[in-house]
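Chain residues, written in single-letter form:
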Amino acid sequence: MVKLHIKKGDESQFLYETTVEMPVDDLVKDVSAIYNGRLKVQRLCAEMEELAKHGVTLPPNMQGLTEEQLVDLKLKDDWGEKCIPSGGWIEFKDPLTIRNGKAPQKNMADLINKTIKEAKDMISKKKVQSNDLVTQATVKEALDILRGAVMIVYPMGLPPHDKIKQEIENEEDLSGTQASLDVIEEENVSIWFSGKEMLRGKKLKDFAGKNEKTKIIAKIQKRGQGAPGREPVVSEAEQKQMMAYYYKKQEEMKKLDAESEEAYLDSDWADNAALKRNFHGLNNIKWGPK
């Protein structure tokens, strides 16, 4: 099986495994699904962290308003009264006034946060270092456990305008957000290897060779952006090892230079008492039986 180390720019994303016979079209479809799925998990985790702190999202027309403004405008959060966390709630106001401040009790908040950590670990970039794969099944499992945690804490469901509900039901609207810049739709995905774009209609072996035991670095980006930057000749870890090696050699050379500068002190001509011993015939005296 060929192992692809998927990167975006210089940043590692995940490891993907397939065969050299895989069509590039299928590769693009699978890799883009995993890439965008990981982003979805990250967005969902970020929103759920706020859910655990401050409760459900206020209706759009109430967000950003002070309590006085809400009273003056006679606005009421009907959904907030329906969507109560299991076991009751504690007041913890949202400084951004996006959520209603009815936070879950500690045990329910802990459940959410524990699930968030588990989901993040499942799709973490650190899996590249541990040589673990991330697949569509991995992403689906992460989304499933997040959905399950929300259902446990909010058995009555979430308001339709809550981003968590929209993400879970695949109805999220990312237009105008930073997140929209990160997502790459499948039709706009291009995968590059060794300075060449893997063209659709061909197979992976046309670019990576026929060796099934190959491990390559492939970069994902939007089509039309040109070739991504090439990988450095040596890795960061190898560069650190080389620097440590040359530093050690440099220190050894300094030590040798210092020793050679003081070596003359062992010479006869540098001995202040040598002349006196010579006059008294004390040179080359040997002790012991002849």
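Above this text you will find the structure in question.
Residues numbered from 1 in each chain as written. Predicted model: local features only at pLDDT ≥ 70, side-chain atom pairs only at ≥ 80, totals over all residues. Heavy atoms only, no water.

Novice: Looking at this structure, how should I read the sheet that holds strand 6 (residues 196–197)?
Specialist: Backbone hydrogen bonds are what pair the strands of a sheet, in a parallel or an antiparallel way. Taken in spatial order, the five strands make up an open sheet running 2-1-7-5-6, and their pairing is mixed. Edge positions in the open sheet fall to strand 2 (11–18) and strand 6, since each of these has one partner strand only. Here strand 5 (residues 189–193) runs beside strand 7 (residues 215–222); their pairing, made up of five bridges, is antiparallel. Each residue of the ladder has a partner; that of Ser190, found in strand 7, is Gln221. (Pairing = 2+ DSSP bridges. Helix = DSSP H or I, 4+ residues; strand = E, 2+ residues; numbered from the N terminus.)

Novice: I keep staring at helix 1 (residues 24–54) and nothing clicks. Help me out?
Specialist: Two residues of an α-helix separated by three or four positions point the same way, owing to the 3.6 residues in each turn. With 31 residues, helix 1 should reach 45 Å at 1.5 Å per residue; the first-to-last C-alpha distance of 45 Å fits that figure. Directly beyond the C-terminal end of helix 1, a positive phi value near 80° is found at Gly55. (Expected span 1.5 Å × (residues − 1).)

Novice: What exactly am I supposed to notice about the environment of Ser194 here?
Specialist: Its place among the elements puts Ser194 in the loop between strand 5 and strand 6. On the accessibility criterion, Ser194 (45% relative accessible area) is partly exposed. Sequence spacing of Ser194 and Gly229 is 35 residues, and the spatial spacing of their C-alpha atoms is 9.6 Å. (Buried < 20%, exposed > 50% of the residue type's maximum accessible area, 1.4 Å probe, protein only.)

Novice: How do you make sense of the side chain of Arg43 when you look at a structure like this?
Specialist: By the element assignment, Arg43 lies in helix 1. In this structure Arg43 touches Glu167, Glu172, Leu174, Ala179 and Val183, once residues within four positions along its chain are discounted. (Contact = heavy atoms within 4.5 Å.)

Novice: It is not clear to me how the environment of Val56 should be interpreted in this structure. Could you clarify?
Specialist: Positionally, Val56 belongs in the loop between helix 1 and helix 2 (67–73). By relative accessible area, which is 1% here, Val56 ends up buried. Between the alpha carbons of Val56 and Ile84 there is a distance of 8.6 Å; along the sequence they are 28 residues apart. Apart from residues no more than four positions distant in its own chain, Val56 is found in contact with Leu51, Gly80, Cys83, Arg99, Asn100, Tyr154, Leu158, Pro159 and Asp162.

Novice: Would you mind showing me how to read the packing of helix 4 (residues 106–122) against helix 5 (residues 136–153) here?
Specialist: As a packed pair, helix 4 and helix 5 sit with axes 9 Å apart at the nearest point and diverge in direction by 175°. On the basis of the axis angle, helix 4 is roughly antiparallel to helix 5. Across the interface between the two elements, Met108, Leu111, Ile112, Thr115, Ile116, Glu118, Ala119 and Met122 of helix 4 pack against Thr138, Glu141, Ala142, Ile145, Leu146, Ala149, Ile152 and Val153 of helix 5. Looking at side-chain class alone, the contact of helix 4 with helix 5 contains twelve nonpolar, two polar and two charged residues. (Axes fitted to C-alpha atoms, helices over the stretch in contact; angles between N-to-C directions. Parallel < 35°, antiparallel > 145°, perpendicular 65-115°, else oblique. Nonpolar A, V, L, I, M, F, W, Y, C, P; charged D, E, K, R; others polar.)

Novice: What is the right way to look at a negative patch on the surface in this model?
Specialist: On the surface, a cluster of negative charge is made up of Asp25, Asp26, Glu185, Glu186 and Glu187. Take Asp25: it is sitting in helix 1. (Patch = residues over 30% accessible without salt bridge, like charges linked within 9 Å, V, L, I, M, F, W, Y side chains within 5 Å. Areas by Shrake-Rupley, 256 points an atom, 1.4 Å probe, with all protein chains shown as cover. Salt bridge = Lys/Arg side-chain N within 4 Å of Asp/Glu carboxyl O. Lys, Arg positive; Asp, Glu negative; His and termini not counted. Charge placed at Lys NZ, Arg CZ, Asp CG, Glu CD.)

Novice: Just to check I follow, could you spell out the packing of aromatic side chains for this structure?
Specialist: Each pair of aromatic rings is reported with the distance of its centres and the angle of its planes. Taken as a whole and judged by the stated rule, the model has zero aromatic pairs. Positioned above the aromatic ring of Trp79, the side-chain terminus of Lys82 is 4.7 Å from the ring centre. (Phe/Tyr/Trp six-rings, centres within 6.5 Å; stacked < 30°, edge-to-face > 60°. Lys NZ or Arg CZ within 6 Å of the ring centre and 35° of its normal.)

Purely spatial values, then, with no claim about function.
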